[in-house]
Amino acid sequence: EGSKDLTFSGATASPLGNNPTVNGVDFGNATTVTFTAGVAVPNPSMILYDAGETPTIAATEGSITTSVGLAIATIYPAAEVSGSASTITVPLGNVVANGTNTVTITVTAKDAYGNPIPGIPAGVVVLSSTGTVNTLIQPTNDTNANGSTTGTLASQVAEVKTISATISGTTVAG
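Residues numbered from 1 in each chain as written. Predicted model: local features only at pLDDT ≥ 70, side-chain atom pairs only at ≥ 80, totals over all residues. Heavy atoms only, no water.

Chemist: Give a description of the overall build of the chain that names residues and reports values.
Modeler: Each helix and strand counted, the chain has zero helices and 16 strands in total. In the chain, which comprises 174 residues, the proportion classed as buried is 30%. Partitioning the contacts of the chain with sequence separation of at least 6, the portion at a separation of at least 24 is 61%. (Helix = DSSP H or I, 4+ residues; strand = E, 2+ residues; numbered from the N terminus. Buried < 20%, exposed > 50% of the residue type's maximum accessible area, 1.4 Å probe, protein only. Contact = heavy atoms within 4.5 Å.)

Dropping the structure here:
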């Protein structure tokens, strides 16, 4: 019965640095939780951001620590693509403009917290390029465990090309 100041640990920040929280307080800082008949009332609200982790959560109060952490299997809803967190990568350098030499274009889909989004169908990752007499091959594989898929570009005209991508209609900014 009563209130306890608990400090939670065991989960990590997202790839973009969002810290996990309990009742809006970052892990590692004391959070006041009220108990009635041994049950937290209302239930604490825990937010975890790293979709790739299955954390073991521990709670401490002063010198008292949970002897066995609480393993949490998280279920995440389908992530929405973030255009600002997602990336398009093209190696720097020149490619011979002979229509056969290619450059590989890598598109990586991420959510707003920087978590990769695997399993996005290749058909919704669309590449485009400026310039003339280009052969632009769209990705043929769904995004992998790292959220990445690739396409290629070849050209018969030596000129500066600007390559862009969309994922499910969302423009990739990075």
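On we go.
Chemist: Now, about unusual backbone geometry: what can you tell me, with residues and values included?
Modeler: At Val 133, a residue that is not glycine, the phi angle is positive and equals roughly 50 degrees. Structurally, Val 133 is set in the loop between strand 12 (125–129) and strand 13 (134–137). For Val 133, a relative accessible area of 46% translates into the label partly exposed. Positioned with a positive phi, Ser 168 is a non-glycine residue whose angle comes to about 50 degrees.

Chemist: Outline the sheet that holds strand 3 (residues 25–26), listing residues and values.
Modeler: Spatial ordering of the open sheet is given by 3-2-6, a layout of three strands whose pairing is antiparallel. At either end of the open sheet lies a strand with only one pairing partner, and these are strand 3 and strand 6 (46–47). When strand 2 (residues 21–22) meets strand 3, the two strands line up antiparallel, connected through two bridges. Across the sheet, residue Val 22 finds its bridge partner in strand 3, namely Val 25. (Pairing = 2+ DSSP bridges.)

Chemist: Tell me what's going on with the sheet that holds strand 12, and back it up with residues and numbers.
Modeler: Strands sit in the order 12-15-16 across an open sheet of three strands; the sheet is antiparallel. A single partner strand is all that each edge strand has here, and the edge strands are strand 12 and strand 16 (170–171). Bridge analysis of strand 12 against strand 15 (residues 163–167) gives five bridges, and the strand direction is antiparallel. Across the sheet, Ser 129 pairs through a bridge with Ile 163, a residue of strand 15.

Chemist: Hey, could you go over the environment of Pro 121 for me, with residue numbers and the actual values?
Modeler: If you trace the backbone, Pro 121 turns up in the loop between strand 11 (103–108) and strand 12. With 28 residues separating them along the chain, Pro 121 and Thr 149 place their C-alpha atoms 9.5 Å apart.

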